[in-house]
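The residues making up each chain are set out below.
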Amino acid sequence: MTDVGVLGAAGRMGRAVCEAARERTDIRLGALIDPALGTALDACGPPPDVFVDFSTAAAAEKNAAYCAHRGIPLVCAVTGGDPEARRHALLQAAEQIPVLESANLLRSAALMRALARTAATALLPQWQAVIVERHHAGKKDAPSGTACLLADAVDMPRKDVFSVRAGTIAGTHEVSFYGTHESLTLLHEVCSREAFAWAALSAAVWLTGCAPGLYTMEDVF
């Protein structure tokens, strides 16, 4: 049984992670941290075996430092804000604890990124790459963290990603390569936040068996 704590437990993804955890027999919910719940890290009680962070960009760096200090493995899926500052904080924490950093914890998304990289190597610069990502109207950061990973994979400026914010779209990412009279498209679509929640829990269980260091989904995949 793995005790999983949730940072940002009152947010959309935090609630989904809690609901998914209650359906698994190998996981027990630990500390649920969120200002909206009136809970804070410095008073979280017994430490969980691992924390999953779906909080905010403003809180992620402090969360990483706390986990490093307490020796708690950390899965960080926070996006937006200053990614360089967040990565620096995670690298520092990774000197003491195992840290998994990914904007998308789905293995299928990691596979799509690998396929996009392979296609870019074979087709560019003779072809043109286009990335379109779609999310629900309430998502604040654009482009999404997953789209940024895909842009990096095909060596595209992140500012060139097309972002759509509408309705209740859970998450769709499309990488297309256009040549002369032909095209190739890779499409990844998530139908529910439950997919992200279950992936986060599986990643958390996996991370508890790792040595200190900074891991990505390529390590899990």
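Up top you'll find the structure we're talking about.
A quick note: this is a predicted structure, and the numbers were derived from the prediction, not measured. Throughout this description, residue numbers start from 1 for each chain and increase along the sequence as written. In keeping with the predicted nature of the model, local features appear solely for residues at pLDDT of at least 70, side-chain atom pairs appear and are counted solely at 80 or more, and the whole-chain, interface and lining totals rest on all residues. Heavy atoms throughout the structure, all of them, feed into the side-chain values; hydrogens and water do not.

(A) A look at helix 2 (residues 57–70). Each helix is a run of H or I in the DSSP string that is no shorter than four residues. Each strand is a run of E no shorter than two, and both are numbered from the N terminus. Here a helix's expected span is defined as the number of its residues, less one, multiplied by 1.5 Å. The first and last C-alpha atoms of helix 2 sit 21 Å apart over 14 residues, in line with the 20 Å expected at 1.5 Å per residue. A 1.4 Å probe rolled over the protein chains alone gives each residue an accessible area, and that area as a share of the maximum for its type sets the label: buried under 20%, exposed over 50%, partly exposed in between. Of the positions making up helix 2, those classed as buried are Ala60, Asn63, Ala64, Tyr66, Cys67 and Ala68. Where helix 2 is buried, its residues contact strand 1 (2–7), strand 3 (50–53), strand 4 (74–76) and helix 3 (83–93). Just past helix 2, the residue Gly71 takes up positive phi, approximately 75 degrees. Contact definition: two residues touch when any of their heavy atoms are within 4.5 Å.

(B) Highlighting the sheet that holds strand 7 (residues 162–165). For two strands to be treated as a pair, DSSP must find no fewer than two bridges joining them. In spatial order, the strands read 7-6-8-9; together these four strands make up an open sheet with mixed pairing. Strands with a single pairing partner mark the edges of an open sheet, and in this sheet they are strand 7 and strand 9 (183–190). If you compare each strand with its neighbour and ignore which way they point, the axes differ by 10 degrees on average. Orientation is described by lines fitted to C-alpha atoms, with helices fitted over the stretch in contact, and by angles between N-to-C directions that extend from 0 to 180 degrees. With respect to the sheet, helix 4 (residues 107–123) is in contact with strand 8 (171–178) and strand 9, its orientation differing from that of strand 9 by roughly 170 degrees.

(C) Expanded view of the nonpolar core. Counting residues in hydrophobic clusters, the biggest one holds 34 residues, and the most contacted among them are Val17, Phe54, Val75, Leu100 and Leu105. Core analysis: the second largest hydrophobic core is formed by 21 residues, Leu7, Leu41, Val78 and Ile97 among them. Residues belong to a common nonpolar core when they are buried Ala, Val, Leu, Ile, Met, Phe, Trp, Tyr or Cys residues joined through side-chain atoms within 4.5 Å.

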